[in-house]
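Given next are the chains, with one letter for each unit.
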Amino acid sequence: MALRVRDLTLGYDRHPAVHHLDLELAEGSLTAIVGPNGAGKSTFLKGVMGELPPLEGKIERGAARVAYLPQLSEVDRSFPLSVKAFVAMGLWHRTGAFGGLSRADLSRVGEALAAVGLTGFERRPISALSGGQVQRVMFARLLLQDADLILLDEPFTALDAKTAADLLAVVQRWHGEGRTVLAVLHDIEAVRRHFPETLLLAREKVAHGATDTVLTAENLFRARQMSEAFDDDANVCARPAEQPAKRGAA
Amino acid sequence: MSWLIDPFADFAFMQRALLGCLAISLGATPVGVFLLLRRMSLTGDAMAHAILPGAAVGYLVAGLNLGAMTIGGVAAGLVVAVLTGAVARFTALREDASLAAFYLISLALGVLLVSLKGSNVDLMHVLFGTVLALDDAALTLLCAIATVTLVALALVYRPLVLECADPRFLRSVSRWSGPVHFLFLGLVVLNLVAGFQALGTLMAVGIMILPAAAARFWATSIGGMLAVAACVAAISSVAGLLASYHAGLPSGPAIILAAGTLYLLSLVFGPSGSLAARFWPRAHLEA
């Protein structure tokens, strides 16, 4: 099991953004997270990364190494770093804070840049890259992270068709290598074509399973019905937490 | 050439001043470069004010005593740094607002303490430093702080660069984010205390930030910026001390003004992102 989530509630100021979510992701699965804006998709990924402590419930990560591409990255693109130096950060698990880059590491960096179509960009400062090129650089770094579980938050938004196709090929390569990939996406047609499994989220889990069975007209309608705004006068959630006795018996 | 060499050859106090300033140039400028790159240039200024009450307590306890004022200054700086960082990380207040709050409290406390005892002459010492009267202990301290700073920066270089360039990524792959931030603030405090022995609390920030700002117009890599900044600081030190010797100017401000002059020249004529590059662009390329 790459990821197991039990009765998970995540939120801000006690308002739930993800509400009582149960989910299990099999190792090697390729799953899209779909849902309206404000459905808790990004919040869920933050929770898995440990950036946001759960209000309730548990997250168990079976994967040894997790890589994460946030929707709003905090990359300071004016920082004077070359593409090569930036991408090489993905080798942190090999170098740690103090280790040097070996010749093999440098050739890995070259291979990762080639895989995202940026050969020849090694010495370019990251400040001189276009938006699409930055996303290619981020994928090259993800490649080097060699992670078992890869979380992508809207990885193809605002990209041209060629760039999106190239980066989708990288995602499919990860899937072929048996890595578990979980990606937040808005392009329903792309999800149907390329993602075998889907989690439809609208604060609560609407459906999870094979993409064909999840992305039905009825489910998508239900997802749209769920309200986006927090209710300032909401009562304390009275839904019973999982019974301790039941957990003990299992 | 004798005007260039003689003051340093003939007078021990000039040699000491030069050594002290070169030590600060090596230690403080890389810290300044990282402050600049993290958009924390004014943090150095705020920290310098935060150090004041510690130095004042040291002064109240032991008079113009290097050890007491150093320990007091470092302690006050670290307390403000840790409180600032902790508030920024655990509450809704951002780092800049949090630092402003604590350094203002600290500064008020410092002014109160200095005025409790202390004449105006002493206050001038604290504010403007005594680079022409550095004794052995002060020189040792300056060199030790420069050494510690360079070794520490070399050790944490990778996490520090990552914390500046992509902090969220650093948090996703390691637990270094917090430690490296606090370690860096510690280095800022140490170097301000070193700088204030020689240049005074107000001028110490100048030798940290001005060379770094000048370097931004010459270099496009971190390594290049670090090297240019150290050179700018060293040249400013020599030029400021010479101006101070020949024209009878106070040495601290003379050094900082020399650095300021180099900054303005870089701002206008530097090859990268300067006014010259903006208003007199060279012909564009084919691709």
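Not measured: the values here are computed from a predicted model. (Residues numbered from 1 in each chain as written. Chains lettered and ligands numbered in written order. Predicted model: local features only at pLDDT ≥ 70, side-chain atom pairs only at ≥ 80, totals over all residues.)

Student: I tried to follow the overall build of chain A on my own but got confused; where do I start?
Tutor: Helix and strand counts for chain A stand at 10 helices and nine strands. The C-alpha atoms of chain A give 19 Å as radius of gyration, which agrees with the globular expectation for 250 residues (18 Å, within 12%). Across its three principal directions, the C-alpha atoms of chain A cover 55 × 40 × 35 Å. A separation of at least 24 residues holds for 71% of the contacts in chain A among residues at least 6 apart in sequence. (Helix = DSSP H or I, 4+ residues; strand = E, 2+ residues; numbered from the N terminus. Rg over C-alpha atoms; globule rule 2.2 N^0.38 Å. Contact = placed C-beta atoms within 7 Å.)

Student: Could you clarify how one ought to interpret the overall build of chain B in this entry?
Tutor: Tallying secondary structure elements over chain B gives 14 helices and zero strands in all. The secondary structure elements of chain B, listed N-terminal to C-terminal, are α-α-α-α-α-α-α-α-α-α-α-α-α-α. Here chain B holds 287 residues, and 48% of them are scored as buried. In chain B, once contacts between residues fewer than 6 apart in sequence are set aside, the share between residues at least 24 apart is 71%. (Buried ≥ 20, exposed ≤ 12 C-beta atoms within 10 Å, placed from the backbone.)

Student: Can you walk me through the nonpolar core in this structure?
Tutor: Side chains of nonpolar character tend, in soluble globular proteins, to be buried together. Membership of the largest hydrophobic core comes to 159 residues, with the highest contact counts inside it found for V87 of chain A together with I51 and I207 of chain B. Each residue touching I51 of chain B, except ones within four places of it in the same chain, is listed here: G73, A76, G77, V189, L192, V193, F196 and T201 of chain B. (Core = buried A, V, L, I, M, F, W, Y, C linked by C-beta atoms within 7 Å.)

Student: Explanation requested: the interface of chain A and chain B in the structure shown.
Tutor: Facing the 16 residues of chain A at the interface are 20 residues of chain B. Partitioned by chemical class, the residues of the side of chain A that touches chain B number 12 nonpolar, two polar and two charged. (Nonpolar A, V, L, I, M, F, W, Y, C, P; charged D, E, K, R; others polar.)

Student: So what exactly am I meant to see when it comes to the packing of helix α10 (residues 177-198) of chain B against helix α11 (residues 201-215) of chain B here?
Tutor: All names here are of chain B. At their nearest, the axes of α10 and α11 sit 8 Å apart, and the two run at 120° to each other. Taken as a pair, α10 and α11 cross one another with a handedness that is right-handed. Within the contact between the two elements, α10 uses N191, L192, G195 and F196 and α11 uses T201, A204, V205, I207 and M208. Among the residues forming the contact of α10 with α11, the class breakdown is six nonpolar, three polar and no charged. (Axes fitted to C-alpha atoms, helices over the stretch in contact; angles between N-to-C directions. Left-handed = near helix turned anticlockwise from the far one by under 90°.)

Student: Explanation requested: the environment of D96 of chain B in the structure shown.
Tutor: Residues and elements named next belong to chain B. Along the chain, D96 turns up in helix α5 (residues 95-116). Overall, the presence of 15 C-beta atoms within 10 Å leaves D96 in the partly exposed class. Sequence spacing of D96 and A276 is 180 residues, and the spatial spacing of their C-alpha atoms is 32 Å.

Student: Whenever I open this one, the sheet that holds strand β1 (residues 3-12) of chain A confuses me. Can you help?
Tutor: Each strand in a sheet pairs with its neighbour through backbone hydrogen bonds, running either in the same direction (parallel) or in the opposite one (antiparallel). Residue and element names in this part refer to chain A. Taken together, three strands build an open sheet; the order of strands is β2-β1-β4 and the sheet is antiparallel. At either margin of the open sheet sits one strand with a lone partner, and together these are β2 (15-25) and β4 (56-61). Neighbouring strand axes in the sheet, compared pairwise and without regard to direction, differ in orientation by 25° on average. In this structure, β1 lies alongside β2, joined through seven bridges in antiparallel fashion. Bridge pairing links V5 to L23 in β2. Of the strands in this sheet, β1, β2 and β4 are in contact with helix α1 (residues 41-49), which crosses β1 at around 115°. (Pairing = 2+ DSSP bridges.)

Student: So what exactly am I meant to see when it comes to the packing of helix α2 (residues 12-37) of chain B against α10 of chain B here?
Tutor: For any two helices packed against each other, the geometry comes down to the angle between their axes and how far apart the axes lie. Residue and element names in this part refer to chain B. The interhelical angle for the contact between α2 and α10, taken along N-to-C directions, is 145°, at an axis separation of 10 Å. As α2 runs across α10, the sense of the crossing is left-handed. Together, G20, C21, I24, G27, A28, V31, F34 and L35 of α2 and F184, L187, V188, N191, A194, G195 and A198 of α10 make up the contact between the two elements. In terms of residue class, the contact of α2 with α10 is made up of 11 nonpolar, four polar and no charged.

Student: How should the sheet that holds strand β9 (residues 204-210) of chain A be read in this particular structure?
Tutor: Residue and element names in this part refer to chain A. One open sheet holds the six strands; their spatial order is β5-β6-β7-β3-β8-β9, and the pairing between them is mixed. Unpaired on one side and paired on the other, β5 (66-69) and β9 mark the two borders of the sheet. If you compare each strand with its neighbour and ignore which way they point, the axes differ by 15° on average. Relative to strand β7 (residues 180-184), strand β6 (residues 149-153) is paired through five bridges, and the arrangement is parallel.

Student: What should I look at first to understand helix α13 (residues 251-269) of chain B in this one?
Tutor: Three- or four-residue spacings in an α-helix give side chains the same orientation, since the helix completes a turn every 3.6 residues. Taking 1.5 Å of rise per residue, 19 residues should cover 27 Å, and α13 of chain B covers 27 Å from first to last C-alpha, within 8% of that figure. For α13 of chain B, the complete set of buried residues consists of S251, G252, P253, A254, I255, I256, A258, A259, L262, Y263 and S266 of chain B. (Expected span 1.5 Å × (residues − 1).)

Student: What's the story with the pairing of strand β3 (residues 30-34) of chain A in this structure? I'm lost.
Tutor: On any regular strand, side chains alternate: one points to one face of the sheet, the next to the other face. All names here are of chain A. Counting buried positions along β3 yields five of five residues, so the element is predominantly enclosed. Burial along β3 is two-sided: the residues L30, A32 and V34 and T31 and I33 are all buried. Relative to β7, β3 runs parallel, the two sharing four bridges. Bridging from a neighbouring strand, A32 pairs with A183 of β7. Sheet analysis places β3 next to strand β8 (residues 197-202), joined by four bridges and oriented parallel. Bridge assignment links I33 to a residue of β8, and that residue is L199.

Student: Help me out: how do you make sense of the confidence of the model for chain B in this one?
Tutor: Residues shown with low pLDDT carry predicted positions that ought not to be read at fine detail. Chain-level pLDDT for chain B is 89 on average; 96% of the residues reach the 70-or-more range. Highest mean pLDDT in chain B belongs to helix α12 (residues 222-247) of chain B (95); lowest belongs to helix α6 (residues 120-128) of chain B (65). (pLDDT = per-residue confidence, 0-100.)

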